[in-house]
Amino acid sequence: MSNLRIAIVGGGPAGLVLARLLQVNNIPCTVFELDQNASERDQGGTVDLHKKGGQLVLQQAGLFDEFQRLSRPEGQAMKLLKYDGRVVLDENESGVQRPEEFSDRPEIDRTQLRRMLLNSLQPDTVVWGKKLIAVEESPTQAGKHDLHFHDGVEDGFDLVVGADGAWSKVRAFLTDQTSGLFGRYRARTVGDRSRTAAPVAYCFMFDEGRAILAQRNGNNSIRVYACVRKPEDWLETCGIDWASPQEAKQKYLDEYFTNCAPELKRAVLDADDKAVPRKMWMLPVGWRWDTRPGVSLIGDAAHLMTPFAGVGVNLAMFDSLALARAIVACGGNAEHMPDAIKAYEQEMFPRAEQFAQRTARGLVGHFSANGVEEMATRIAAR
Ligand SMILES: Cc1cc2nc3c(=O)[nH]c(=O)nc-3n(C[C@H](O)[C@H](O)[C@H](O)COP(=O)(O)OP(=O)(O)OC[C@H]3O[C@@H](n4cnc5c(N)ncnc54)[C@H](O)[C@@H]3O)c2cc1C
């Protein structure tokens, strides 16, 4: 058993997968998570795990069989529509088979993914209700770092891994540019579920400055996002009262989607739970930090992207695998930890940049008048 002291901040997919991979290699670690418990917060919709991404990682973590039991290997068929309802592509109708790389992508609900990962960890790995405020170099132990939480300090870590997502406090230790770091991405989503089963996995409408995205989830439900590209203060100035979901959705549709096909608007209106407005953010494409011994980042903390290439979870899990391999390779020896971190980061940065570029292109396409035609052409080219 290694005597390394490793802290993972954040119990999302990145942090939990890293903890699991370390534990199967007999390397102890502790996950500090902001949520009070596993069910405190809605984890969001469904994610598809790619063969060379999340699926590969779960195989290494010894969780692939369990994933197969929980996931839904239903068809990945996609439907692309213009704003007026014209169908540009319906993969169920086209009869074209996707290459395996794009078809073998079983879906799993995030809640189930998190529960599966939590169940795989040794008892008391996750310390709940710990909000990290700041990371500091230890004033008393050379080369180690301390974690300042809202309720006290945990000290003396050989490695601190920031898996704390979009607004990472660990990232703030590695760079002093945090406040200006985020590229502004001006879309808002309204997420809702309805009890209607979707005939396709994804149904997308892209148009200039607006998009409607519907996604099949588990429990016979769909989740619908209606997005607009607006200035950053739009949410505060739009005059929509989101606390009254039906009125909010009607007003939102009247204002921004009024000339859309009735079935598109119905998809938003029929969704029967709350309307949740969200701003979306991304880090600049290709952003990196200077390697520092003892602290690193994985997942969204390292390379936050918008969801328009559908890769965030897969990349986050792949980071965990890459970092776990580097830590294992250093043989549980704290002296070699700086080399392990450097090796991981040098491998991760170009990979993240490549996907960030793809996501940035997806962002433009999702909000442009010919976005569906372009996506249909890309799919045909595969
Ligand atoms: C609308 C939407 C749809 C998406 N769809 C897809 C998709 O289809 N496919 C895909 O691959 N990706 C998708 N993504 C991206 C994906 O959700 C993220 O990339 C992924 O969740 C990143 O995992 P993570 O563990 O790095 O971060 P997170 O999932 O954000 O987890 C971070 C964890 O850290 C905790 N935390 C935060 N701050 C602190 C703190 N100060 N102290 C302690 N703990 C803290 C949080 O509570 C959380 O549990 C989507 C994202 C969005 C917003």
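Please read all numbers here as calculations on a predicted model, not as lab measurements.

(A) Fine view of the site of the ligand. For the ligand, the set of nearby residues contains 33 residues, the closest of which are Glu33, Arg110, Leu132, Asp300 and Val313. Here proline 13 contributes a backbone N or O atom positioned 3.3 Å from an oxygen atom of the ligand. Between an oxygen atom of the ligand and a side-chain N or O atom of glutamate 33, the distance comes to 2.6 Å. Here the ligand loses 83% of its free accessible area of 1000 Å² to cover by the protein chains. Looking at the shell around the ligand, the elements with two or more residues in it are helix H1 (13-24), strand E3 (46-48), helix H6 (110-119) and helix H13 (312-329). Take the shell around the ligand: its biggest share by element is four residues, from H13. Looking at the shell around the ligand residue by residue, the class counts come to 14 nonpolar, nine polar and ten charged.

(B) Summary view of the sheet that holds strand E9 (residues 145-149). Read from one edge to the other, the open sheet built from three strands follows the order E8-E9-E10, with strand pairing classed as antiparallel. Taken across any chain shown, the strands that pair with only one partner, and hence form the sheet edges, are strand E8 (132-137) and strand E10 (152-157). Direction aside, the axes of adjacent strands within the sheet are offset by 20° on average. Looking at chain direction, E8 and E9 are connected through five bridges and run antiparallel.

(C) A look at the nonpolar core. In terms of nonpolar packing, the biggest core is built from 72 residues, with Ile6, Ile8, Leu22, Leu49, Leu147 and Ile327 touching the most fellow members. Among the elements that make up this core, the one with the highest residue count is H13 (ten residues). If sequence neighbours within four positions are ignored, leucine 49 has contacts with Gly54, Gln55, Leu58, Phe67, Asp104, Arg105, Pro106, Ile108, Leu113, Val313, Asn314 and Met317. One finds Ala226, Ile240, Ala248 and Phe257 within the second-largest nonpolar core, a separate group that totals 23 residues.

(D) View of the pattern of salt bridges. In total, this model carries 15 salt bridges according to the counting rule given. One salt bridge in this structure joins aspartate 84 and arginine 86, with 3.0 Å as the shortest N-O distance. Looking at arginine 86, the relative accessible area reads 49%, which means it is partly exposed. Linking arginine 288 and glutamate 353 is a salt bridge whose minimum nitrogen-to-oxygen distance equals 3.3 Å. Remark: glutamate 353 occurs in helix H14 (residues 337-366) and arginine 288 occurs in the loop between strand E16 (276-282) and strand E17 (295-297); sequence separation between them is 65 residues.

(E) View of the domain arrangement of the protein chain. Under the domain assignment, the protein chain is made up of domain 1 (6-71 + 106-181 + 284-366) and domain 2 (184-282). With centres defined by C-alpha atoms, the gap from domain 1 to domain 2 works out at 29 Å. Between domain 1 and domain 2, the residue contacts involve 18 residues of the former and 17 residues of the latter. Between domain 1 and domain 2, roughly 1400 Å² of surface is buried when both sides are summed, and carbon and sulfur atoms account for 60% of that area. Connecting domain 1 to domain 2 are zero salt bridges.

Rules and cut-offs
- Residues numbered from 1 in each chain as written.
- Predicted model: local features only at pLDDT ≥ 70, side-chain atom pairs only at ≥ 80, totals over all residues.
- Heavy atoms only, no water.
- Near = heavy atom within 4 Å.
- Polar contact = N/O pair within 3.5 Å; in protein donor to acceptor, adjacent residues only side chain to side chain.
- Areas by Shrake-Rupley, 256 points an atom, 1.4 Å probe, with all protein chains shown as cover.
- Helix = DSSP H or I, 4+ residues; strand = E, 2+ residues; numbered from the N terminus.
- Nonpolar A, V, L, I, M, F, W, Y, C, P; charged D, E, K, R; others polar.
- Pairing = 2+ DSSP bridges.
- Axes fitted to C-alpha atoms, helices over the stretch in contact; angles between N-to-C directions.
- Core = buried A, V, L, I, M, F, W, Y, C linked by side-chain atoms within 4.5 Å.
- Buried < 20%, exposed > 50% of the residue type's maximum accessible area, 1.4 Å probe, protein only.
- Contact = heavy atoms within 4.5 Å.
- Salt bridge = Lys/Arg side-chain N within 4 Å of Asp/Glu carboxyl O.
- Domains from an automatic or database assignment.
- Buried area = accessible area lost by both parts, 1.4 Å probe.

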